[in-house]
Amino acid sequence: MKIGKKEMTPLTSAEIGNLWATYIGNSMSEQVLSYFLQHVEDTEIKDVVQFSLELCQDFLKRVEKIYQTVNHPIPVGFTKDDVNLKAPRLFQDEFYLHYLRHAIRAGISVYGVAIHFVSRNDIQDFFVYTVEESMKLVVRIDNLLVNKGFYSPSPVIPIPKKVDFVKKKSYFRGFFGEIRPLHALEIAHLYENINSNCVGHALLYAFSQVAQSEKIRQFFTKGQELTTKAIETYSHYLTESHLKSPAILDPLVIPTKISPFSDKLMLFHEIDHFTIRVRDFANSLAVNGRHDLSASYLKIFTTICWFVQEGGNLLVENGWMERIPEAPTYK
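What counts as what
- Residues numbered from 1 in each chain as written.
- Predicted model: local features only at pLDDT ≥ 70, side-chain atom pairs only at ≥ 80, totals over all residues.
- Heavy atoms only, no water.
- Salt bridge = Lys/Arg side-chain N within 4 Å of Asp/Glu carboxyl O.
- Buried < 20%, exposed > 50% of the residue type's maximum accessible area, 1.4 Å probe, protein only.
- Axes fitted to C-alpha atoms, helices over the stretch in contact; angles between N-to-C directions.
- Helix = DSSP H or I, 4+ residues; strand = E, 2+ residues; numbered from the N terminus.
- Parallel < 35°, antiparallel > 145°, perpendicular 65-115°, else oblique.
- Left-handed = near helix turned anticlockwise from the far one by under 90°.
- Nonpolar A, V, L, I, M, F, W, Y, C, P; charged D, E, K, R; others polar.
- Phe/Tyr/Trp six-rings, centres within 6.5 Å; stacked < 30°, edge-to-face > 60°.
- pLDDT = per-residue confidence, 0-100.
- Expected span 1.5 Å × (residues − 1).
- Polar contact = N/O pair within 3.5 Å; in protein donor to acceptor, adjacent residues only side chain to side chain.

> Help me understand the pattern of salt bridges, please; the structure alone is not making it clear to me.
Should their charged atoms come close, side chains of opposite charge can pair. Applying the stated criterion across every chain yields a total of 17 salt bridges. Residue D164 pairs with K167 through a salt bridge whose shortest N-O separation is 3.0 Å. Relative accessible area serves as the criterion here: at 53%, D164 is assigned to the exposed category. Classification of K167 by relative accessible area gives exposed; the value is 69%. The structure contains a network of salt bridges with shared partners spanning R101, R105, D142 and E192.

Next comes the structure, spelled out in C-alpha cells:
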C-alpha cells in the first residue's frame with residue numbers, strides 16, 4: 001500500500017468511523033474463527049475457516065498500518081482473553097459455513113458503503129480490497145454449501161411469457177381486496193431475511209446455553225423469541241404464495257455448559273447481528289410494494305431497535321462498550 005501526499009492528510013470522520021467499525025468487527029471475528037478452527041473436522045470446511053481467519057487478520061493489520069500514519073490509537077476490540085480455545089465443541093461443521101456466509105455478507109455491506117464515504121487513496125484501496133476478497137470468499141462458501149448439499153436456494157418462480165405493466169393501483173394492496181402475488185425481489189428478501197434469522201436463532205440458542213451472567217442469558221432468550229416471531233412472519237408470506245422457507249439451524253448446536261467466549265463478546269456479537277438486520281429491513285423496504293409487507297417489516301424493525309438499545313445498556317452496565325471516536329467539544 002503506497003503512501004502519497006493525499007494519504008498524509010488527516011482522517012475524516014467517515015474514514016475514522018468506518019475503519020473503527022472494521023477493526024472492532026474483525027477483532028471479534030478473529031476470536032470466533034480461532035475457536036471454530038479448534039473443532040472443525042471436515043477438511044474442506046476447515047480450509048475455508050482457516051482462510052477466513054487469515055483474511056480477518058490481514059484486514060486488522062492493514063487498518064493498524066493506516067492508523068500508524070496518523071498516530072491513531074489502536075482500538076481494544078476483542079482479544080485472546082475473550083475466547084477459550086479449550087472449550088468443547090458448540091457447533092457442528094455445517095454451521096460454520098452458514099455462519100461465515102452470513103458474517104461475510106454483513107461485512108460486505110459495511111465495506112461497500114464505506115468506499116463511497118472515504119477520500120484518502122490508501123483507505124479507498126483498502127475498502128475496495130476488503131469487498132473484492134470478501135466477495136471471492138462468499139462465492140467459495142456458496143460453492144462448498146452446494147457441493148455438500150447444505151445450500152438452500154431462493155424459491156423458483158415461473159419465467160414470464162411476456163413483458164407486462166402494472167395497470168391498477170391495487171398492485172400495492174396487502175390487507176384488503178385483490179392482493180397480488182409476491183414479486184421476485186420481495187420473495188428474495190423474505191427468503192434471505194429468514195436465512196439470516198435462522199443463523200441468528202441458532203447463535204442465540206447456543207449463547208443462551210453458555211452465558212455466565214443470568215441477565216445476559218435472559219437477553220439471549222428474549223432475542224430467541226424475537227427471532228422466532230420474525231421467522232414465523234416471513235415464512236407466513238412465503239407459505240401463502242405456496243413457496244418454501246429455509247430450514248432452521250438449531251439442530252447444528254451441540255449442548256454444552258462450558259462457554260468458548262466471554263459474555264462481552266457474545267453480547268456484542270448479538271447486538272451487531274441485530275443491527276445488521278436493521279440494514280436488511282431498509283433494503284427489503286426499498287424493493288417492497290405491498291402495504292402488508294411494509295407494516296410487518298416496520299413492526300419488527302421497531303421491536304429490534306428497542307432490543308438493540310437494551311443490549312447497549314447491558315454493555316454500558318458492564319463497562320464493555322468501547323467509545324467510538326467523537327466530534328470535538330469546546331468548553
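> Sorry, what's going on with the packing of helix α1 (residues 13-39) against helix α2 (residues 43-69) here?
A pair of packed helices is captured by two measures, namely the crossing angle of their axes and the spacing between those axes. Taken N-terminus to C-terminus, the directions of α1 and α2 make an angle of 150°; their axes are 9 Å apart at the nearest point. Judged by the angle between their axes, α1 and α2 are roughly antiparallel. Between α1 and α2 lies a crossing whose hand is left-handed. Of the residues belonging to the contact of α1 with α2, the class tally is 14 nonpolar, eight polar and three charged.

> What's the story with unusual backbone geometry in this structure? I'm lost.
Glycine aside, negative phi is the norm for most residues, and most peptide bonds take the trans geometry. Unlike most non-glycine residues, N71 shows phi in positive territory, near 60°. Counting through the fold element by element, N71 comes out in the loop between α2 and α3 (93-117). Positive phi is not limited to glycine here, since H242 has a value of about 60°. Within the secondary structure layout, H242 lies in the loop between α6 (214-240) and α7 (263-287).

> Would you explain the packing of aromatic side chains in this entry?
The way to describe two aromatic rings as a pair is by their centre distance and the angle between their planes. Evaluated as defined, the whole model comprises 20 aromatic pairs. Taken together, a centroid distance of 5.9 Å and an interplanar angle of 80° make the contact between F36 and F91 edge-to-face. Pair noted here: F36 is in helix α1 and F91 is in the loop between α2 and α3, with a separation of 55 residues, a long-range link. By relative accessible area, F91 is classed as buried at 0%. Between the aromatic rings of F59 and F126, the centroid separation amounts to 6.2 Å while the plane-to-plane angle is 85°, which identifies the pairing as edge-to-face. Of this pair, F59 sits in helix α2 while F126 sits in helix α4 (residues 121-148), and the two are 67 residues apart along the sequence.

> Help me out: how do you make sense of the confidence of the model for the protein in this one?
Note: predicted coordinates in regions of low pLDDT should not be interpreted at a detailed level. Looking at the protein, pLDDT values average 92 and 96% of them are 70 or higher. Mean pLDDT in the protein bottoms out at α7, which sits at 87, and peaks at α2, which reaches 97.

> I would appreciate a short explanation of α6 in the present structure.
Working note: α-helix, 3.6 residues per turn, so residues spaced by three or four point in the same direction. The first and last C-alpha atoms of α6 sit 39 Å apart over 27 residues, in line with the 39 Å expected at 1.5 Å per residue. The N-cap residue of α6 is S213: its side-chain oxygen and the backbone nitrogen of K215 are 3.3 Å apart.

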